[in-house]
Amino acid sequence: MPKKAIWLIILFTALFILGINTGDLEYLMNLGNTICLSCIGVG
Amino acid sequence: MVALRWLIQTVVALGTNAYLLFPWGSVIYQGPLKAICHPGLHCYSCPAALLSCPVGAVQNFVASLRYLTPGAIPHLGAMVVGYLGFIGTLVGRLPCGWLCPFGFIQDLLNKIPSPKFNLWAPLRWLKYGVLVVMVILMPFFLLDQYGLGQPWFCKLLCPSGTLVGAIPLIALKPQLWTTLGFYFWNKFTIMVVIIILAVLISRPFCRMLCPLGAFYSLFSRMTLVQLEFTEGNCVECRACVRVCPTGVSPYQQRDSRECIMCLKCLDACHFQALGFGLRRPVPPPKEARSHS
């Protein structure tokens with residue numbers, strides 16, 4: 001298996017876990033729970 | 001393979017838009033699944049959407065860095081970048097070909113009988129500009145009248161947001177009509193242009209403008225899986241080129257950034273010159289082997 005891919009998978013898994021531990025999950029949850037006014041094109 | 005891909009695209013499109021209570025309950029789904037990003041481009045403001053949009057999430061994370069309060073932990077979006085990078089390293093642009101609802105819509109539109117055209121190749125580079133400028137730089141540097149960063153890709157360009165987010169929402173909530181302005185009509189025009197182009201050209205949005213496809217394509221040369229090519233079996237009949245929805249020549253271009261791994265070329269090849277599997281280390285050139 002390519003070493004580069006394995007290292008990248010480890011790096012991105014670590015980033016993912018870091019994000020969860022710094023509250024990204026809650027932030028994303030709040031974000032996805034509100035109607036995105038940009039998608040409606042308010043302005 | 002083609003039938004399997006259609007089936008998976010249909011199941012994913014329906015399965016990730018399975019919130020059917022929107023006409024009666026809250027206008028959009030607000031449950032715990034909204035903390036998960038869709039692997040494809042799909043607006044989280046679609047009334048039936050269960051998952052979040054990864055591109056919208058990244059922009060909002062970037063924009064949030066501008067109004068940090070002292071002592072607050074910055075949300076860098078590491079979770080979303082890690083998630084997308086993990087998928088990209090594992091399978092590259094395969095989600096574009098198999099999982100993206102907007103890609104699926106474009107595939108369906110391209111089925112409409114009409115003259116078909118090729119995309120002018122240099123336009124493929126636009127998507128990298130969209131990724132850097134509209135998804136990263138603009139949300140960080142360009143502030144609105146209230147001093148806040150905005151998800152400018154969603155606001156100015158995303159046709160998926162207009163098609164599955166804005167239009168159903170304004171149909172469900174007529175009071176939103178009063179809020180529509182330049183941004184809506186700009187994106188509505190872009191959506192109409194993309195729809196017309198998708199009838200005439202295969203996957204125009206994915207190939208020209210999609211920042212998610214651009215991000216996944218960065219991993220095309222280091223993915224864990226790859227399209228395999230057996231040179232000895234190839235008779236250069238170009239059957240694979242004719243069926244490729246993104247204009248790739250699988251027998252000439254290895255690990256193309258444009259390849260969405262739809263695997264149509266595998267079905268088209270009658271000489272077993274193409275395959276799909278785990279990436280194998282490239283053997284050293286013959287000269288190097290003879291010297292050692």
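Residues numbered from 1 in each chain as written. Chains lettered and ligands numbered in written order. Predicted model: local features only at pLDDT ≥ 70, side-chain atom pairs only at ≥ 80, totals over all residues.

Asks: Describe the overall build of chain B, and please don't skip the residues or the numbers.
Replies: Regarding its fold elements, chain B presents 14 helices and two strands. Its C-alpha atoms give chain B a radius of gyration of 21 Å, within 12% of the compact-globule value 19 Å for 292 residues. Across its three principal axes, chain B shows a C-alpha extent of roughly 70 × 50 × 35 Å. Looking at chain B residue by residue over its 292 residues, the buried ones come to 47%. At a minimum sequence separation of 6, the contacts of chain B that also span at least 24 residues come to 70%. (Helix = DSSP H or I, 4+ residues; strand = E, 2+ residues; numbered from the N terminus. Rg over C-alpha atoms; globule rule 2.2 N^0.38 Å. Buried ≥ 20, exposed ≤ 12 C-beta atoms within 10 Å, placed from the backbone. Contact = placed C-beta atoms within 7 Å.)

Asks: Tell me what's going on with the interface of chain A and chain B, and back it up with residues and numbers.
Replies: Taken residue by residue, the interface counts 31 residues in chain A and 48 residues in chain B. Secondary-structure elements contributing two or more residues to the side of chain A that touches chain B are helix H1 (3-21), helix H2 (24-32) and helix H3 (37-40) of chain A. Of all the elements, H1(A) adds the most residues to the side of chain A that touches chain B, at eleven residues. The residue inventory of the side of chain A that touches chain B, partitioned by class, reads 20 nonpolar, nine polar and two charged. (Nonpolar A, V, L, I, M, F, W, Y, C, P; charged D, E, K, R; others polar.)

Asks: Can you break down the environment of Phe61(B) residue by residue, with the values?
Replies: Its location among the elements puts Phe61(B) in helix H2 (residues 54-64). It is 27 Å that separates the C-alpha atoms of Phe61(B) and Trp98(B), two residues lying 37 residues apart in sequence.

Asks: Got a sec to walk through the packing of helix H8 (residues 159-172) of chain B against helix H9 (residues 182-200) of chain B? Specific residues and values, please.
Replies: All names here are of chain B. Packing of H8 against H9 leaves a shortest axis separation of 8 Å and a crossing angle of 105°. As far as their axial angle goes, H9 and H8 are roughly perpendicular. Contact residues: Pro 159, Gly 161, Thr 162, Leu 163 and Ala 166 in H8; Phe 184, Lys 187, Phe 188, Ile 190, Met 191 and Ile 194 in H9. Looking at side-chain class alone, the contact of H8 with H9 contains eight nonpolar, two polar and one charged residues. (Axes fitted to C-alpha atoms, helices over the stretch in contact; angles between N-to-C directions. Parallel < 35°, antiparallel > 145°, perpendicular 65-115°, else oblique.)

Asks: Before we move on, can you summarise helix H1 (residues 2-15) of chain B with the specific residues and values?
Replies: All names here are of chain B. Taking 1.5 Å per residue as the helical rise, H1 with its 14 residues ought to reach 20 Å, and the 20 Å between its terminal C-alpha atoms agrees with that figure. For H1, the full list of buried residues reads Gln 9, Val 12 and Ala 13. Projected onto a plane normal to the axis of H1, the buried residues spread over an arc of 100° and lie on a single side. In H1, the exposed positions that point more than 90 degrees away from the buried face belong to Ala 3, Leu 4, Leu 7, Thr 10, Val 11, Leu 14 and Gly 15. (Expected span 1.5 Å × (residues − 1). Arc of directions from axis to C-beta.)

Asks: Explain the nonpolar core to me, using residue names and the numbers behind them.
Replies: Residue and element names in this part refer to chain B. The biggest cluster of nonpolar side chains holds 91 residues, and the ones touching the most others in it are Ala 57, Val 80, Val 130, Phe 153 and Met 261. The element contributing the most residues to this core is helix H3 (residues 78-91), with eight residues. Counting only domains with at least three residues in this core, you end up with domain 1 (2-67 + 74-217) and domain 2 (225-280). Excluding anything up to four places from it in sequence, Met 261 contacts Val 91, Gly 92, Arg 93, Leu 94, Gly 97 and Leu 227. (Core = buried A, V, L, I, M, F, W, Y, C linked by C-beta atoms within 7 Å. Domains from an automatic or database assignment.)

Asks: Tell me about the packing of helix H5 (residues 101-110) of chain B against H9(B), residues and numbers included.
Replies: All names here are of chain B. Packing of H5 against H9 brings their axes to within 7 Å, and their N-to-C directions diverge by 55°. In terms of their interaxial angle, H5 and H9 are classed as oblique. Between H5 and H9 the crossing geometry is right-handed. Together, Gln 106, Leu 109 and Asn 110 of H5 and Ile 195, Ala 198 and Val 199 of H9 make up the contact between the two elements. Split into classes, the residues belonging to the contact of H5 with H9 amount to four nonpolar, two polar and no charged. (Left-handed = near helix turned anticlockwise from the far one by under 90°.)

Asks: Before we move on, could you go through the environment of Leu65(B) and cite the residues and values that matter?
Replies: Residue and element names in this part refer to chain B. Positionally, Leu 65 belongs in the loop between H2 and H3. Looking at Leu 65, the number of C-beta atoms within 10 Å reads 14, which means it is partly exposed. Measuring from C-alpha to C-alpha, the distance between Leu 65 and Ile 196 comes to 37 Å, with 131 residues separating the pair along the chain. Those residues in contact with Leu 65 that lie beyond four places of it in its chain are Pro 74 and Phe 140.

Asks: If you had to explain unusual backbone geometry to someone new, which residues and values would you point to?
Replies: All names here are of chain B. Phi at Arg 203 is positive, roughly 50°, even though this residue is not glycine. Within the secondary structure layout, Arg 203 lies in the loop between H9 and helix H10 (204-208). Here the phi dihedral of Leu 263 falls at roughly 70°; this positive angle occurs in a residue that is not glycine. Within the element layout of this structure, Leu 263 appears in the loop between helix H12 (239-243) and helix H13 (264-268).

Asks: Which residues make up the confidence of the model for chain A, and what are the values?
Replies: Counting all residues, the mean pLDDT for chain A is 86, and 95% of those residues have values of 70 or more. Within chain A, H1(A) carries the highest mean pLDDT (94), whereas H3(A) carries the lowest (77). (pLDDT = per-residue confidence, 0-100.)

Asks: Residue-level account of the domain arrangement of chain B, with values.
Replies: All names here are of chain B. Entries for chain B in the domain assignment read domain 1 (2-67 + 74-217) and domain 2 (225-280). The C-alpha centroid of domain 2 is placed 28 Å from the C-alpha centroid of domain 1. Across the boundary between the two partners, domain 1 contributes 16 residues, which contact twelve residues of domain 2. Secondary-structure elements contributing two or more residues to the side of domain 1 that touches domain 2 are H1, helix H4 (94-98) and H10. Among the residues making up the side of domain 1 that touches domain 2, the classes are represented as six nonpolar, five polar and five charged.

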